[in-house]
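Chain and residue survey
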Amino acid sequence: MWLDHPRNPKAPLAGLKVLELARVLAGPFCGQILADLGADVIKVESPEGDGTRLWGPPWVERVDAEGKVHREAAYYHACNRGKRSIIADFTNAAQLARVKALAATADVVIENFKTGALAKFGLDHASLAAANPALVTCSITGFGQTGPRAHEAGYDFVAQGMSGLMSLNGDPAGHPVRVGVSISDLATGIWAANAVQAALLMRHRTGRGQQIDMSLLDSSVALLANQASYFFATGENPPRMGNAHAQVAPYGVFAVRDGHVILAPANDGLFVKLMGVLGLDHLTRDPRFAANGERTANAAALDAAIAVATAGWSKQGLLDACHAAGVPAGPINRLDEVFADPQVIARGLRVELGGMAGVRSPFTFSEAELALDRPSPVLGADDEG
């Protein structure tokens, strides 16, 4: 039941066949990225559907071609755009056979079942690859296919805590705080989409597919970046800094008359420019603030002086002055402000499909287009296809 022609011939992954045996966020987010890039993604759902269809409020209602109203959680639409949906009960022999037939001609299978759970249905990579040696299977789990916790279920919140991300987040005087989006799930989906495309390039050389082993924990630890380097270099745990920066000063959030602004002068030249904007030129001659190392060591005193100066500005006035001087600065936007921002509008980050709004994948190509041609599917909408 694959499409006879690409959804958008100008899309980078036009003609790619992806079978998604995934639910909730990490796997479906990977599938949506591939769908935005032009792949024909068939989402296989249980008779009850992906659990996120019920993760409301808020709810979205839409009417199908037959006039039937479908009520689904907005959450579901955040990660299922561009796909088709079929229903399959793996305990039903005929429906299981249909899924296997699709896998036999697919390029990619995305699955996020617990480690080993698909083997009893013959839907594990080894079984599927016997019939389709070129198949790339991307297996997404909480902890990976190996290790002492391989068979445990994994969740974003747990991964954020175990990976060290939460230890770096929040006010230094308060509790560790998780990121305000499911960053472990989302990062895993992004890493997985990269890995799928790398495996497909390797298949182009070797003619063979392979299994990709992705985990929420691995993907979250991989985000530690410079904080991991700090630990490796010093043997010490990086401090929780709130909105401050451990290696750069000044760099943070400062109050103005009508809100807050972010000031990020990340080198000596930008520091001098910011001091000029704020009328604090004398601080550039203070030996405590002569270079970044000194400024970081004396960040509390420097931030206090800047805070006194910014308190007299309006938000827009200070931002305009900083931009005119070439100092990196920005607002702290609520989501209504984000999607009203002229830059966000110019980049076309909000997309409307089937009467529903979403955020497009952030790819812009000089010689290709995204395939933004269909909203998230109604449960089982393509069973007759």
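The coordinates are above.
**Details of the overall build of the protein**
Of the regular secondary structure elements, the protein holds 14 helices and 13 strands. Principal-axis analysis of the C-alpha atoms places the extent of the protein at approximately 80 × 50 × 40 Å. Counting only residues that meet the buried cut, the protein has 43% of its 385 residues in that class. In the protein, the proportion of contacts linking residues at least 24 apart, taken out of those at least 6 apart, comes to 67%. Approximately 19,000 Å² of the protein is accessible, and the part contributed by carbon and sulfur atoms is 58%.

**With respect to the packing of aromatic side chains**
Applying the stated rule across the entire model yields five aromatic pairs. The structure contains a cluster of three or more aromatic residues connected by ring pairs, namely Phe90, Phe113 and Phe121. The lysine or arginine in question, arginine 23, covers the ring of phenylalanine 113, its NZ or CZ lying 4.1 Å from the ring centre. In this arrangement the basic side chain of arginine 71 is found over the ring face of tryptophan 59, its NZ or CZ atom lying 4.2 Å from the centre.

**Focus: the environment of lysine 120**
Structurally, lysine 120 can be placed in the loop between strand S6 (108-111) and helix H4 (125-131). In the structure, lysine 120 is positioned 30 residues away from phenylalanine 90 in sequence and 9.9 Å away in space, judged by C-alpha atoms.

**Here's the deal with a nonpolar patch on the surface**
Taken together, the side chains of Leu54, Trp55 and Trp59 present a nonpolar region at the surface, about 340 Å² in accessible area. Secondary-structure assignment places tryptophan 55 in the loop between strand S2 (40-45) and strand S3 (59-63).

**Brief notes about the pattern of salt bridges**
A full pass over the atoms with the stated rule returns 18 salt bridges. Of the charged contacts, one joins arginine 53 and glutamate 45 as a salt bridge, the two residues approaching to 2.6 Å between their closest N and O atoms. Across the pair, exposure class does not vary: arginine 53 and glutamate 45 are buried alike. The partner of arginine 350 in a salt bridge is glutamate 352, and the shortest N-O contact between them spans 2.7 Å. With relative accessibility at 49%, the residue arginine 350 sits in the partly exposed group. On the basis of relative accessible area, glutamate 352 is assigned to the partly exposed category, the value being 48%. Several salt bridges converge on common partners, so that one network encompasses Glu20, Lys43, Asp50 and Lys83.

**Focus on the nonpolar core**
In terms of nonpolar packing, the biggest core is built from 32 residues, with Val18, Leu34, Val108, Ile110, Ile140 and Ile212 touching the most fellow members. Secondary-structure elements contributing two or more residues to this core are helix H1 (26-36), S6, strand S7 (136-141), helix H6 (183-206) and strand S8 (211-215). In terms of residue count, the dominant contributor to this core is H6 (seven residues). If sequence neighbours within four positions are ignored, leucine 34 has contacts with Leu13, Val18, Ala39, Ile110, Ala193, Val196 and Gln197.

**A few points about unusual backbone geometry**
Cis peptide bonds are those with omega within 30 degrees of zero, and the linkage from glycine 56 to proline 57 qualifies with 5 degrees. Along the chain, the position of proline 57 falls in the loop between S2 and S3. In this structure, the amide linkage connecting proline 57 to the following residue, proline 58, adopts the cis form with an omega of 0 degrees. Tracing the backbone shows proline 58 in the loop between S2 and S3. Unusually for a residue other than glycine, valine 24 sits at a positive phi of about 70 degrees. Residue alanine 225 is not a glycine yet carries a positive backbone phi of 45 degrees. Within the secondary structure, alanine 225 sits in helix H8 (residues 225-234).

**Quick notes on the pairing of strand S13 (residues 356-359)**
A one-sided burial pattern is seen for S13, the buried positions being Met356 and Gly358 and the unburied ones Ala357 and Val359. When strand S12 (residues 350-353) meets S13, the two strands line up antiparallel, connected through four bridges. The partner of glutamate 352 across the bridge, within S13, is alanine 357. Hairpin connection of S12 to S13: two residues between the antiparallel strands, including glycine 354 at a positive phi of 60 degrees.

**So, the side chain of arginine 84**
In this structure, arginine 84 sits in strand S5 (residues 83-87). Judged by its relative accessible area of 7%, arginine 84 is buried. Polar contacts involving the side chain of arginine 84 include one to the main-chain carbonyl oxygen of methionine 1, which spans 2.9 Å. With residues up to four places along the chain from it excluded, the contact list for arginine 84 reads Met1, Trp2, Leu3, Asp40, Val41, Ile42, Lys43, Arg374, Pro377 and Asp382.

**Regarding helix H11 (residues 299-310)**
Note that an α-helix has 3.6 residues per turn; residues three or four places apart therefore point the same way. Over its 12 residues, H11 extends 16 Å from the first C-alpha to the last, a length consistent with the 16 Å expected when each residue adds 1.5 Å. Restricting attention to buried positions, one finds in H11 the residues Leu302, Ile306, Ala309 and Thr310. Considered in projection along H11, the buried side chains sweep an arc of 90 degrees and stay on one side of the axis. More than 90 degrees from the buried face of H11, the exposed residues found are Ala300 and Val308. Along its buried surface, H11 packs onto strand S9 (252-256), strand S10 (259-263), helix H9 (268-278), helix H10 (292-297) and helix H12 (315-325).

Reading the values: the criteria
Residues numbered from 1 in each chain as written. Predicted model: local features only at pLDDT ≥ 70, side-chain atom pairs only at ≥ 80, totals over all residues. Heavy atoms only, no water. Helix = DSSP H or I, 4+ residues; strand = E, 2+ residues; numbered from the N terminus. Buried < 20%, exposed > 50% of the residue type's maximum accessible area, 1.4 Å probe, protein only. Contact = heavy atoms within 4.5 Å. Areas by Shrake-Rupley, 256 points an atom, 1.4 Å probe, with all protein chains shown as cover. Phe/Tyr/Trp six-rings, centres within 6.5 Å; stacked < 30°, edge-to-face > 60°. Lys NZ or Arg CZ within 6 Å of the ring centre and 35° of its normal. Patch = residues over 30% accessible without salt bridge, like charges linked within 9 Å, V, L, I, M, F, W, Y side chains within 5 Å. Salt bridge = Lys/Arg side-chain N within 4 Å of Asp/Glu carboxyl O. Core = buried A, V, L, I, M, F, W, Y, C linked by side-chain atoms within 4.5 Å. Pairing = 2+ DSSP bridges. Polar contact = N/O pair within 3.5 Å; in protein donor to acceptor, adjacent residues only side chain to side chain. Expected span 1.5 Å × (residues − 1). Arc of directions from axis to C-beta.

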